[in-house]
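Letter by letter, the chains look like this.
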Amino acid sequence: MTTSEQRGWRVVLSHSWVKPLLVVVVSLVVGWFILRFIGKISWSDVGEAVTSISIAELLALLGLLLLRQVLNSAPIHLFTPGLGVRRAVMSDLSANLAGTITPPPGDVVVRVAQFKTWGINPVDGMAGATLNMLIFYGARFAAPALGALVFCLHAFNGGRVVTGVVCLAIAVAIIGLLVAVLRSDAVAEKLAKRAAEAAKIVGAKVDEDRWVAAVKDFRERIGRRLQRGLGVAIGFMLLAIVVDALILLAAVRFVGLGPDAAPWPVVVGSMLLAYPLTILPAFGLGVMDAVVIASVTDVISVDHESALVGAAMVWRTVTIFGTLALGTLAMAWWRIGVGRAATRPAR
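Everything numeric here is computed off the predicted structure, so don't read it as measured data.

**Q** Help me get a handle on the nonpolar core, residues and values and all.
**A** One finds L131, I135, V252 and L257 to be the most contacted residues of the largest nonpolar core, which totals 55 residues. Counting residues per element, the ones that place at least two in this core are α3 (43-51), α4 (55-72), α8 (122-152), α9 (158-183), α11 (208-254), α12 (264-273), α13 (287-297) and α14 (305-343). Considering every element that reaches this core, the biggest residue donor is α11, with 13 residues. Residues contacting L257, with those up to four places away along its chain left out, are V252, A262, H304, A307 and L308. Counting residues in hydrophobic clusters, the runner-up holds 18 residues, among them A98, W118, A330 and M331.

As structure tokens, then:
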């Protein structure tokens, strides 16, 4: 490859849209290969399953999606004084949209701008958003434990129980570390120094003192609020994940798979057990879907595999594009509010 060709490739790869596109393509290809090992899929049946969704059923799925977003944004509302539920949902949806279509730190820029227009200290707001993210990581790994319990309502499975226990241990470690940091200056300082050292190992330029100061400031701002609302916040986040699984279950029912063909404990349990895979790029698109479908078809008839693929496609369409659509509406609503405030005569 010539120098000019290499330069051309660098220019192409430097565009902000290239990396997300490559992630999606690779995820879908990996998912497709996994599905190829499960069984024979009739893509015409998949298409028929997807197109069988009615407008009323689509609206029901969007309603569940909106409920998920309200529950998902609860920690920001709990840990950011003066934000409120409506603004917390708007902030979450807008940040998701910005993070999807713009390069980093587009989501942070949007959140900070919104906090300022709402009269909220951006530092307090970003502390709440950061805590929301950390709690989601804990809930993400706690979900398989719940999934194992749900799955066992259909039939006991030792492997799934072990998976749930291991993931629960990871969740406890994440939340335990968070609590330790927010309760002790010494732990916070030690963790910040180790994180800075790790960043230096991979070549990042890090000011260790600034990292320590930032962690201590975060602890001071959020510590007391965390002690009062940690359990509630984790509960809300787990409920949001359960609603996500219910969206998939509803899609399974809407494509024509009834309780006898696809028992709800199997579908919901499989989804919750696979939820840590959302840590992968594009929320585990392709890979997680294939794992969930493989888990369900391991119990029910493989003849329903095409319908399950169709249901997974409906779930992904609603949860990805539906969330982006809601984010567009939230961003527009916020901008209209800002415009009205700017034209309103001062008192």
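Next, the rest of the story.
**Q** If you had to explain the pattern of salt bridges to someone new, which residues and values would you point to?
**A** Inspection of the entire model under this criterion finds four salt bridges. D244 is the partner of R68 in a salt bridge, and the nearest nitrogen-oxygen pair spans 3.4 Å. A residue pair is termed long-range when its members are at least 10 positions apart, and R68 in helix α4 and D244 in helix α11 qualify at 176 residues. For the residue pair R68 and D244, the accessibility class agrees, reading buried in each case. Of the charged contacts in the structure, one is a salt bridge between R160 and D298, with a shortest N-O distance of 3.8 Å. Of this pair, R160 sits in helix α9 while D298 is found in the loop between α13 and α14, placing the two residues 138 residues apart along the sequence. For R160, a relative accessible area of 12% puts it in the buried group.

**Q** Outline α4, listing residues and values.
**A** Between its terminal C-alpha atoms α4 stretches 25 Å, which fits the 26 Å expected from 18 residues at 1.5 Å a residue. Regarding α4, the residues found buried are L61, L65, R68, Q69, L71 and N72. Viewed end-on, α4 has its buried residues packed into an arc of 165°, placing them on one side of the element. Exposed residues lying more than 90 degrees from the buried face of α4 are I55, A56 and L59.

**Q** Quick one: what's the story with α9, residue by residue and with numbers?
**A** For the α-helix, the turn length of 3.6 residues means that residues three or four positions removed from each other point alike. Spanning 26 residues, α9 covers 37 Å between terminal C-alpha atoms, matching the ideal 38 Å at 1.5 Å per step. Along α9, the residues that are buried comprise R160, G164, C167, A171, I175, L178, V179, V181 and L182. Capping the start of α9, N157 holds a side-chain oxygen 3.2 Å from the backbone nitrogen of G159, two or three residues further along.

What counts as what
Residues numbered from 1 in each chain as written. Predicted model: local features only at pLDDT ≥ 70, side-chain atom pairs only at ≥ 80, totals over all residues. Heavy atoms only, no water. Core = buried A, V, L, I, M, F, W, Y, C linked by side-chain atoms within 4.5 Å. Buried < 20%, exposed > 50% of the residue type's maximum accessible area, 1.4 Å probe, protein only. Helix = DSSP H or I, 4+ residues; strand = E, 2+ residues; numbered from the N terminus. Contact = heavy atoms within 4.5 Å. Salt bridge = Lys/Arg side-chain N within 4 Å of Asp/Glu carboxyl O. Expected span 1.5 Å × (residues − 1). Arc of directions from axis to C-beta. Polar contact = N/O pair within 3.5 Å; in protein donor to acceptor, adjacent residues only side chain to side chain.

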